[in-house]
Amino acid sequence: FHDHQLVGLAAVDPAGEKIGEVVRIDHGPAHDMLILRRPDGRTALVPFVGAMVPEVDLAGGRMVMILPEGLLDL
């Protein structure tokens, strides 16, 4: 994926509940990090790896995330 394709996508959990919106992608040496704007205005970092982001639906404007408990509290 290219950054411009991902920025603006809704991040949702498997049940479809909104987690946030992708506002930026940081490129690291091991993997990319998705920077999310949470509904409460906070920022969250999510590793862009298949185990945590199993589905990217560009046409639907969303990506499904399965996150470990507590990740969004960091």
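Calculation notes
- Residues numbered from 1 in each chain as written.
- Predicted model: local features only at pLDDT ≥ 70, side-chain atom pairs only at ≥ 80, totals over all residues.
- Heavy atoms only, no water.
- Phe/Tyr/Trp six-rings, centres within 6.5 Å; stacked < 30°, edge-to-face > 60°.
- Helix = DSSP H or I, 4+ residues; strand = E, 2+ residues; numbered from the N terminus.
- Pairing = 2+ DSSP bridges.
- Axes fitted to C-alpha atoms, helices over the stretch in contact; angles between N-to-C directions.
- Core = buried A, V, L, I, M, F, W, Y, C linked by side-chain atoms within 4.5 Å.
- Buried < 20%, exposed > 50% of the residue type's maximum accessible area, 1.4 Å probe, protein only.
- Contact = heavy atoms within 4.5 Å.

Asks: How would you explain the packing of aromatic side chains if you had to name every residue and give the values?
Replies: Counted under the stated rule, the structure contains one aromatic pair. Consider the rings of Phe1 and Phe48, whose centres lie 6.3 Å apart with planes at 40 degrees: the pair is tilted. Placement of the pair is Phe1 in the segment before helix H1 (3-6) and Phe48 in the loop between strand S4 (43-47) and strand S5 (55-57), with a sequence separation of 47 residues.

Asks: An account of the sheet that holds strand S1 (residues 10-12) is needed here, citing residue identities and associated values.
Replies: Two strands in a sheet stick together by hydrogen bonds in their backbones, pointing the same way (parallel) or opposite ways (antiparallel). Spatial strand order, S4-S3-S2-S1-S6-S5: six strands in an open sheet with mixed pairing. Where the open sheet ends on each side, the last strands, each with one partner, are S4 and S5. Across this sheet, the average inter-strand angle for adjacent strands is 35 degrees, counted without regard to direction. As paired strands, S1 and strand S6 (residues 62-64) are joined by three bridges and run parallel to one another.

Asks: An account of the pairing of strand S2 (residues 18-27) is requested, with residue identities and associated values reported.
Replies: Both S1 and S2 contribute to a ladder of three bridges, which runs antiparallel. When the sheet's bridge partners are listed, Ala10 is paired in S2 with Glu21. With antiparallel pairing between neighbouring strands as the criterion, S1 and S2 make up a hairpin whose turn holds five residues, including Gly16 at a positive phi of roughly 95 degrees. The sheet contact formed by S2 and strand S3 (residues 32-37) spans six bridges and is antiparallel. By the bridge assignment, Ile25 is partnered in S3 with Leu34. Adjacent in sequence and paired antiparallel, S2 and S3 are bridged by four residues.

Asks: Summarise the pairing of S4; cite the residues concerned and give the values.
Replies: Note: S3 against S4, five bridges, orientation antiparallel. Paired with Ile35 across the strands is Leu45, a residue of S4. Hairpin geometry of S3 and S4 is characterised by an intervening segment of five residues between the two adjacent antiparallel strands and by a positive phi of about 95 degrees at Gly41.

Asks: Just give me the short version of the nonpolar core, but keep the residues and values in it.
Replies: Counting residues in hydrophobic clusters, the biggest one holds 16 residues, and the most contacted among them are Val22, Leu34, Leu36, Val46, Val53, Met63 and Met65. Counting only elements with at least two residues in this core, the list comes to S2, S3 and S4. Ranked by the residues each element gives to this core, the list is headed by S2, at three residues. Those residues in contact with Val46 that lie beyond four places of it in its chain are Asp32, Met33, Leu34, Leu36, Val53, Met65, Leu67, Leu71 and Leu72.

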